[in-house]
2 protein chains.
Amino acid sequence: MQDHHVNVGILGLGTVGTGVARILLTQQDLLRTRSALTFTLHTIVELNWDKERDLDLSGVECITDAQKMLENPEIDIIVETIGGYEPAFTFIATALRNRKHVVTANKALIATRGRELFQIAKENGVDLLFEASVGGGIPIIKGLREGLVANQIERVYGILNGTSNYILTRMHQEELEFGQALAEAQAKGFAEADPTLDVSGGDAAHKLTILASIAASGFVNYQDLYIEGIQNITKLDINFAKSFGYTIKLLAVMRRMENGLDLRVHPTLVPNNHLLAAVNNELNAVFVKGDFVGNTMFYGPGAGERPTASSIVSDIVDLSRDLLLKEGEQFSCRTLNPEQGIPVVPVEQIRNRFYLRFFTLDAPGILSKISGVLAQNGISISSMVQLETHGKDNYVPIVLLTHEASEQAMKQALDAIGKFDFIQENYLRIRLF
Amino acid sequence: MQDHHVNVGILGLGTVGTGVARILLTQQDLLRTRSALTFTLHTIVELNWDKERDLDLSGVECITDAQKMLENPEIDIIVETIGGYEPAFTFIATALRNRKHVVTANKALIATRGRELFQIAKENGVDLLFEASVGGGIPIIKGLREGLVANQIERVYGILNGTSNYILTRMHQEELEFGQALAEAQAKGFAEADPTLDVSGGDAAHKLTILASIAASGFVNYQDLYIEGIQNITKLDINFAKSFGYTIKLLAVMRRMENGLDLRVHPTLVPNNHLLAAVNNELNAVFVKGDFVGNTMFYGPGAGERPTASSIVSDIVDLSRDLLLKEGEQFSCRTLNPEQGIPVVPVEQIRNRFYLRFFTLDAPGILSKISGVLAQNGISISSMVQLETHGKDNYVPIVLLTHEASEQAMKQALDAIGKFDFIQENYLRIRLF
Ligand SMILES: NC(=O)c1ccc[n+]([C@@H]2O[C@H](COP(=O)([O-])OP(=O)(O)OC[C@H]3O[C@@H](n4cnc5c(N)ncnc54)[C@H](OP(=O)(O)O)[C@@H]3O)[C@@H](O)[C@H]2O)c1
Ligand SMILES: NC(=O)c1ccc[n+]([C@@H]2O[C@H](COP(=O)([O-])OP(=O)(O)OC[C@H]3O[C@@H](n4cnc5c(N)ncnc54)[C@H](OP(=O)(O)O)[C@@H]3O)[C@@H](O)[C@H]2O)c1
């Protein structure tokens, strides 16, 4: 057992890159104790060196030319923390072709172009790891692909986006409207200036694509996912959910079915006695159900400089084992096969229970018309609430919970109900857990 | 990247061994897809081949002579699922000396003699893995030592014994006394015929010893832990805890302090809004706090044939990477150093909040005497309940919650209070979270 040196280069010294640099600079002894390897932060590529970063970078090569680092034969592992599609994709591909191992936190890139990148990694006998791309500091990818390697994965479901969970938590706790909670999240740094990707479900869907690909040992097409965000949820819906004993969460769900994966991201009514209902603020949590292990859950901070960097460095240490392998061997990449596509079951074929909320004119016979359309589509109602007050502009809210019904039937029913002139356009359908 | 064959041998075909055999026999394709390795169940050593096991063992060498398997050069990895100290220790040591990698679920052995075994593994250039020894199917050891490798571990705390958690859950939900809940747990197979190790806290302490050793990158002495079981908790205490907004759980706790680790296993009042209060029945959950990641939590089934086997097979797959290493290299063992002892802070130096329950005669002046002794020892009371009824044999319960105080001061106070003749002997002290 020899002592090895591992030279690391970082692309992009923003939030996450700074965290990685901080760990490599301050935890070197700890890492050496735990791995018998010495990790050196060799080079950082960053365009803007004027920002204040509270890091002592003496001894580190600080440059702006990515190509120089990507071609440096002294560097073993490249960390990509620029984000976005380009130049991140080209930089990662170049690094892999130069036979450097790569670590990235870039969920958007892995979810949409991961397949190409893993193909390049495979061809060049190097590895590409991405623990930080899902669940920030939670070692969920490692748990899923190594810890539960012996299991057929039946289900993966959970809260994968901290921003939208923070917003929903504040809506629940402080009775805020979506817009107010979003503004608060932005003020506190839990939401970006442009929060679209977070609140629309897109970010959670990127992460679900990655988890599902690992679970199914292949690649899922991001475009095949059904995605709905939290933008249309109102204070009123939160209160109705509460009165039924539920908490509204943005859930990402994977279920293994006979003809493929059921893959969805949407707001969901979670029963209050489920652990996910108690996962609050910016925290993330993922349940994984395997055929041998049963239900497991992983919980923790889904973002932030320090947690995300914790995951990246865990990948760096893992990759360093590749340096101890016999010539021609690879370990990590064995577990992802770029040749294997995974079919997704169209959402219309899925069955769910639903929460429906309409604003209707306060006139007789309306409820029977709505329930008539539902009945025609084979959908039966399990509870109903019609409030006398609470209305705006003469409209009153009606809320229904249904028994299980197909998404297809629900879509048809809503199309028909939406055409009634006594119904406002802004009706809402939320799935039940 | 070549295709490799890995031959596995199992020692002891009991509950867990049967699960391991089942996975190796039924999930071979899945494991090959995910690891590019072919795992073969080569040999099983078991004394009693008459038991009905619902396994098709054709093609597997089924023998009673352990020595024969331990010396067979064809076998790469040995799984020890006999349990207990001997012959398990000798078998594992022999396997390691014969340069076979070993996987075990034997927490009692790893906690008390792990240091010797890791020394032998190191000397012989092989690895010893033990994921299943803590948290059954939960990949907590992997999460802690690989996933959080970049963190100084500040705290580890959680529910590590399924049997006692099941008993406490039933006491909470059904208002049972300890004895009734234990009998039910035994009837349902959640408790052994001899439940001592589980309800006394010993099993949780074995597991905490293992987690703390990993967290501190050295070896903790099992004898140094402070351990208290759940045997003295009554229905009355559960109800008092409830009335204060707490749930009683058997917690295992590690805290990093300046002069060593604070390591304890004891019943604890957990606030109802903490996630651990919602971990019920036989389930386990562990929080890990690292200096970079913050708080993470791992949750799942802490025992059982299938979850435990899931963890063992994950270790088998991990060990197989050692077969791809260059001559003289080792990976897993790098992370545990048998030469490094870890000091434990004596419990007397720890500060806690306490729940105290006494049965006293119903006479005037008693409360002032008790609170007087507490005050003399610098312990101040935060709440107090004295019930008029509820007494047996003329004794009435008095319950106090204290502010933080040293364990030393509390011990002195209880010694003095215990000598009052108006106090029954069976008083109880429980720590607050
Ligand atoms: N933030 C989190 O909590 C978190 C959590 C999980 C995953 N992630 C992922 O981590 C990645 C990075 O996120 P972040 O929050 O750290 O972003 P960030 O703060 O915007 O950092 C990106 C950094 O890259 C620099 N950069 C841009 N183009 C570059 C180029 N061509 N060459 C070198 N440097 C360049 C930027 O410099 P300028 O200042 O000049 O633009 C900036 O410093 C993203 O993929 C994100 O999805 C983030
Ligand atoms: N059960 C769980 O859920 C669980 C969870 C985590 C960890 N563990 C750990 O896993 C280990 C095994 O537990 P278990 O529940 O599977 O125990 P078990 O059901 O009692 O199985 C032990 C098996 O080993 C056999 N055996 C005893 N001595 C032997 C010898 N000299 N050579 C070969 N076979 C021998 C026994 O055979 P006989 O029938 O002849 O006695 C029995 O079949 C223990 O260390 C335990 O702490 C168990």
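This write-up is about the structure you can find in this document. All of these numbers come straight from a predicted model, not from anything done at the bench.

1. Observations regarding the interface of chain A and chain B
- Listed as interface residues are 62 residues of chain A and, on the opposing side, 62 residues of chain B.
- Taken together, both faces of the contact between chain A and chain B bury some 5,700 Å²; the carbon and sulfur share is 59%.
- Joining chain A to chain B, the criterion identifies two salt bridges.
- A salt bridge links K142 of chain B to E146 of chain A; the nearest nitrogen and oxygen atoms lie 2.6 Å apart.

2. A short note on the site of ligand 2
Residue and element names in this part refer to chain B.
- Within the structure, ligand 2 sits among 22 residues, and T15, V16, E46, K51 and G304 are positioned closest to it.
- E46 places a polar side-chain atom, nitrogen or oxygen, 2.8 Å from an oxygen atom of ligand 2.
- The separation between an oxygen atom of ligand 2 and a polar main-chain atom of G304 is 2.7 Å.
- Its free accessible area being 900 Å², ligand 2 has 73% of it covered by the protein chains.
- Looking at side-chain class alone, the shell around ligand 2 contains 10 nonpolar, nine polar and three charged residues.

3. Some remarks on helix α8 (residues 178-187) of chain B
Residues and elements named next belong to chain B.
- Residues F178, A181, L182, E184 and A185 constitute the buried set of α8. Angularly, the buried residues of α8 cover 160° about the axis, an arc narrow enough to put them on a single face.
- Looking at the buried positions of α8, the neighbouring elements they touch are α7 (162-174) and α9 (196-199).
- A positive backbone phi angle near 80° is found at G189, which sits one or two residues after α8.

4. Here we look at the site of ligand 1
Residues and elements named next belong to chain A.
- Not every one of the 22 residues close to ligand 1 is listed here, only the nearest: T15, V16, E46, K51 and G304.
- Between ligand 1 and the protein, one listed contact pairs an oxygen atom with a backbone N or O atom of T15 at 2.9 Å.
- Contact distances for ligand 1 include 2.8 Å between an oxygen atom and a side-chain N or O atom of E46.
- Calculation on ligand 1 without its partners gives an accessible area of 890 Å², and the protein chains cover 74% of this total.
- Grouping the amino acids of the shell around ligand 1 by side-chain chemistry returns 10 nonpolar, nine polar and three charged.

5. Describing the pairing of strand β9 (residues 246-257) of chain B
Residues and elements named next belong to chain B.
- Counting buried residues in β9 gives nine out of 12 residues, a clear majority hidden from the surface.
- Where β9 and strand β10 (residues 260-271) come together, 12 bridges link them in antiparallel fashion. Residue pairing for β10: V253 is matched across the bridge by R264.
- A loop of two residues connects β9 with β10, the two strands running antiparallel in sequence.

6. What about the packing of helix α4 (residues 88-97) of chain B against helix α5 (residues 107-123) of chain B?
All names here are of chain B.
- α5 packs onto α4 with a crossing angle of 20° between their chain directions and a minimal axis gap of 10 Å. Between α4 and α5, the crossing angle belongs to the class labelled roughly parallel. Relative to α5, α4 is oriented so that their crossing is right-handed. For the pair α4 and α5, the contacting residues are A88, F89, I92, A93, L96 and R97 in the first and L109, R113, E116, L117, I120 and A121 in the second.
- By residue class, the composition of the contact of α4 with α5 is nine nonpolar, no polar and three charged.

7. Section: the relation of the copies chain A and chain B
- For the match of chain A to chain B, the screw axis carries a shift of 0.0 Å, the RMSD comes to 0.0 Å, and the turn is 180°. Look at the turn and shift together and you get a two-fold axis relating the two.
- A high fraction, 100%, of the interface residues of chain A reappear at the interface in chain B, so the copies pair face to face through one surface.

Conventions adopted
Residues numbered from 1 in each chain as written. Chains lettered and ligands numbered in written order. Predicted model: local features only at pLDDT ≥ 70, side-chain atom pairs only at ≥ 80, totals over all residues. Heavy atoms only, no water. Contact = heavy atoms within 4.5 Å. Buried area = accessible area lost by both parts, 1.4 Å probe. Salt bridge = Lys/Arg side-chain N within 4 Å of Asp/Glu carboxyl O. Near = heavy atom within 4 Å. Polar contact = N/O pair within 3.5 Å; in protein donor to acceptor, adjacent residues only side chain to side chain. Areas by Shrake-Rupley, 256 points an atom, 1.4 Å probe, with all protein chains shown as cover. Nonpolar A, V, L, I, M, F, W, Y, C, P; charged D, E, K, R; others polar. Buried < 20%, exposed > 50% of the residue type's maximum accessible area, 1.4 Å probe, protein only. Helix = DSSP H or I, 4+ residues; strand = E, 2+ residues; numbered from the N terminus. Arc of directions from axis to C-beta. Pairing = 2+ DSSP bridges. Axes fitted to C-alpha atoms, helices over the stretch in contact; angles between N-to-C directions. Parallel < 35°, antiparallel > 145°, perpendicular 65-115°, else oblique. Left-handed = near helix turned anticlockwise from the far one by under 90°. Least-squares fit on C-alpha atoms with pLDDT ≥ 70 in both.

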